[in-house]
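# Structural overview for review
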Amino acid sequence: MNYHVKNIKLSEEGKRRIEWAEREMPVLRLIKNRFIKEKPLKGVRLGCCLHVTTETANLAITLKAGGANVALCASNPLSTQDDVAASLVKDFGIPTFAIKAEDNKTYYKHIQSVIDTKPQVTMDDGADVVGILHKNFKELLLDIIGGTEETTTGVIRLRAMERDGVLEYPIISVNDADTKHLFDNRYGTGQSTLDGIIRATNILFSGKNVVVAGYGWCGRGVASRSKGMGANTIVTEVDPTKALEAAMDGFPVMSMEQASKIGDIFITLTGNTSVLREEHFSKMKDGAIVCNSGHFNVEIDIPALKKMSKSTREVRSFVEEFNLKNGKKIYLLAEGRLVNLSAAEGHPASVMDMSFANQALSAEYLVKNRKNPMNSNLEKKVYPVPKEIDQEIARLKLKSMGISIDQLTKEQEKYLSSWQEGT
Ligand code: ADE
């Protein structure tokens, strides 16, 4: 088997941690047990580009249990858990190409290794595989049944491809499922981002001025958890409705120009570029900490920070000190990459359970909807996860939590479908 991991001898610890995560993934476990019996993905070549974590390992094992030939690479150079990558190869026979802190060349070489398996279904977190296939491997596109996309940034790129008429196969936007973004983006990012900052720095949140840039689902989650930890949490936004929502949720909302003077910690989660830039760095307090939890490492203008600095040095793992020419210091975490996956372990298994249940069932849906022998009945568009799948995942998750809910009575069903009744 072809693979490239840091050290295959790390597999034992990886296996133990994969099993630990599985305990918190009851919905995915139910799907795995059905997949073992039904083999809905039998013989399908599945190319995955995801953060290589204990949770992703459980997804890959589930897909393989469904009969797929899975190959996996990382969707970020800093997010790989090397013990997990080793265990996937050694214990589960899944070709894995991922090494934590790989350079950009190796990162793309690993994506290439997955593309070399000629995937019929792609599973992306950030649309890198779809992008590279469309740019450089047009001949492979004909055999592709479809793909899935995990994250907001990836979906934005794919919608742009659809709009420009260049998308060559159907994609299911897992991110848009309610059982994904309402939980993973909000509670997952909320907790894991603070976890990453705390593991990297060991700072106390209580009493700090924390500036959260972006009030989408991820920003909402981080702001709420930061407030809960006792930090004075400030929100910056460009969207007036989201800014209003943040204000009515009780957060001070202001421009980054104002916030840059008072923040102790800055967290970007916007999906956009250069959110923190020279005009902000120059106003920051001595000792300010800047980090990012958005998909790409473009939200903090690191080249500008370098240009403003006399020198830099690593003061702790994942903490780089920039000595500015104005005499102040700014601390950058995890090279401006996703701090939750770089300095911590990403979202906890319990929320990834729902995200990856959506992934597994969406892959099955794509394969069920293929035209014989290949291709798809679906159009070359970005589709939502079918509502029945989304709701079934919510039902199963509630059941696993021991929560029962009410059902509509016959009278209520009738009331909801009638238009005659008033006061
Ligand atoms: N994205 C955020 N957290 C993750 C995790 N734990 N595993 C895979 N992808 C993630």
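Use the structure listed above.
Residues numbered from 1 in each chain as written. Predicted model: local features only at pLDDT ≥ 70, side-chain atom pairs only at ≥ 80, totals over all residues. Heavy atoms only, no water.

Residues in contact with the ligand, as listed here, are His51, Thr53, Glu55, Thr56, Leu341, Glu345, Gly346, His347, Met352 and Phe356. Taking glutamate 55, its side chain carries an N or O atom lying 2.9 Å from a nitrogen atom of the ligand. Backbone polar atom of histidine 347 to a nitrogen atom of the ligand: 2.8 Å apart, as the coordinates give it. Relative to its unbound accessible area of 260 Å², the ligand is 95% covered by the protein chains. The set of elements that each furnish at least two residues to the shell around the ligand consists of α3 (54-65) and α16 (349-368). (Near = heavy atom within 4 Å. Polar contact = N/O pair within 3.5 Å; in protein donor to acceptor, adjacent residues only side chain to side chain. Areas by Shrake-Rupley, 256 points an atom, 1.4 Å probe, with all protein chains shown as cover. Helix = DSSP H or I, 4+ residues; strand = E, 2+ residues; numbered from the N terminus.)

Across the sheet, which stays open at both edges, the 7 strands sit in the order β3-β2-β1-β4-β5-β6-β14 with parallel pairing between neighbours. Looking at which strands have only one partner, the edges of the open sheet turn out to be β3 (96-97) and β14 (382-384). As defined by bridge partners, strand β2 (residues 69-73) adjoins β3 across 2 bridges and the pair is classed as parallel. The partner of cysteine 73 across the bridge, within β3, is phenylalanine 97. Lying over the sheet, helix α6 (residues 128-136) contacts β1 (45-49), β4 (121-124) and β6 (171-173), oriented at roughly 130 degrees with respect to β4. Across the sheet, α16 is in contact with β4, β5 (146-149) and β6; its angle to β5 comes to roughly 160 degrees. (Pairing = 2+ DSSP bridges. Contact = heavy atoms within 4.5 Å. Axes fitted to C-alpha atoms, helices over the stretch in contact; angles between N-to-C directions.)

Moving on to the packing of aromatic side chains. Summed over the entire model, instances satisfying the criterion amount to 3 aromatic pairs. Where phenylalanine 183 meets tyrosine 187, the ring centres are 6.3 Å apart and the plane angle is 45 degrees; that geometry is what we call tilted. Of the two residues, phenylalanine 183 and tyrosine 187 are both situated in helix α9 (residues 178-201); the distance of 4 residues between them amounts to about one turn of the helix. Take tyrosine 187: its relative accessible area is 33%, and that puts it in the partly exposed class. Geometrically, the ring pair formed by tyrosine 215 and phenylalanine 251 is edge-to-face, given 5.9 Å between the ring centres and 65 degrees between the ring planes. A residue pair is termed long-range when its members are at least 10 positions apart, and tyrosine 215 in the loop between β7 (209-213) and α10 (217-228) and phenylalanine 251 in the loop between α11 (240-248) and α12 (256-262) qualify at 36 residues. Accessibility assignment for this pair places tyrosine 215 and phenylalanine 251 in one class, buried. Over the ring of tryptophan 217 we find arginine 220; its NZ or CZ atom is 4.2 Å from the centre of that ring. One residue, lysine 227, lies across the ring of phenylalanine 251, its end atom 4.6 Å from the ring centre. (Phe/Tyr/Trp six-rings, centres within 6.5 Å; stacked < 30°, edge-to-face > 60°. Buried < 20%, exposed > 50% of the residue type's maximum accessible area, 1.4 Å probe, protein only. Lys NZ or Arg CZ within 6 Å of the ring centre and 35° of its normal.)

In total, this model carries 1 cavity of 30 Å³ or more according to the counting rule given. In this structure, the largest cavity encloses a volume near 40 Å³. Taken together, Glu22, Leu28, Arg29, Lys32, Asn58, Ile61 and Thr62 make up the full set of residues lining the largest cavity. Elements supplying a minimum of two residues to the lining of the largest cavity: α2 (26-38) and α3. (1 Å grid on protein atoms, 1.4 Å probe; cavity = no way out; pocket = protein on both sides within 12 Å on 5 of 7 lines; lining within 4 Å. Points joined across faces, edges and corners; volume = space filled by probe spheres on them.)

Attention now goes to a nonpolar patch on the surface. A cluster of nonpolar side chains, contributed by Met401, Ile403 and Ile405, occupies part of the molecular surface with about 320 Å² of accessible area. With respect to the helices, strands and loops of the structure, methionine 401 is situated in the loop between α17 (387-400) and α18 (410-417). For methionine 401, a relative accessible area of 54% translates into the label exposed. (Patch = residues over 30% accessible without salt bridge, like charges linked within 9 Å, V, L, I, M, F, W, Y side chains within 5 Å. Salt bridge = Lys/Arg side-chain N within 4 Å of Asp/Glu carboxyl O.)

This paragraph deals with the nonpolar core. In terms of nonpolar packing, the biggest core is built from 49 residues, with Leu46, Cys48, Val52, Leu59, Leu63, Leu88 and Met123 touching the most fellow members. Sorting elements by how many residues they give to this core places α16 first, with 10 residues. Dropping the residues within four chain positions of it, leucine 46 is found in contact with Leu41, Leu63, Ala68, Asn69, Val70, Ala71, Pro119, Val121 and Met123. Core analysis: the next-biggest nonpolar cluster, separate from the first, contains 27 residues, Ala246, Ile267, Cys291 and Leu333 among them. (Core = buried A, V, L, I, M, F, W, Y, C linked by side-chain atoms within 4.5 Å.)

Among the 5 residues that make up β1, 4 are buried, leaving the element largely enclosed by the rest of the structure. As defined by bridge partners, β1 adjoins β2 across 5 bridges and the pair is classed as parallel. Bridging across to β2, leucine 46 finds its partner in valine 70. Read as a crossover between parallel neighbours, the route from β1 over α3 to β2 is right-handed. (Right-handed = clockwise from strand over helix to strand, strands pointing away.)

If you add up the space inside the second largest pocket, you get close to 330 Å³. Taken together, 17 residues make up the lining of the second largest pocket; nearest its centre are Thr179, Phe183, Met354, Ala394 and Lys397. Those elements giving two or more residues to the lining of the second largest pocket turn out to be α9, α16 and α17. Ranked by residue count, the leading element in the lining of the second largest pocket is α17, at 7 residues. For the lining of the second largest pocket, the per-class residue count stands at 9 nonpolar, 3 polar and 5 charged. (Nonpolar A, V, L, I, M, F, W, Y, C, P; charged D, E, K, R; others polar.)

Before going further, it helps to spend a moment on the sheet that holds strand β8 (residues 232-236). Spatial ordering of the open sheet is given by β8-β7-β9-β10-β13-β12-β11, a layout of 7 strands whose pairing is mixed. Among the strands making up the open sheet, the edge pair consists of β8 and β11 (309-316). Recorded for the sheet is a direction-independent mean angle of 20 degrees between the axes of neighbouring strands. The sheet contact formed by β7 and β8 spans 5 bridges and is parallel.

Moving on, we get to the pairing of β4. Here β4 shows two buried faces, one formed by Val121 and Met123 and the other by Thr122 and Asp124. With 4 bridges connecting them, β1 and β4 associate as parallel partners. Across the sheet, residue cysteine 48 finds its bridge partner in β4, namely methionine 123. Relative to β5, β4 runs parallel, the two sharing 4 bridges. Considered in β5, the bridge of threonine 122 is made with glycine 147.

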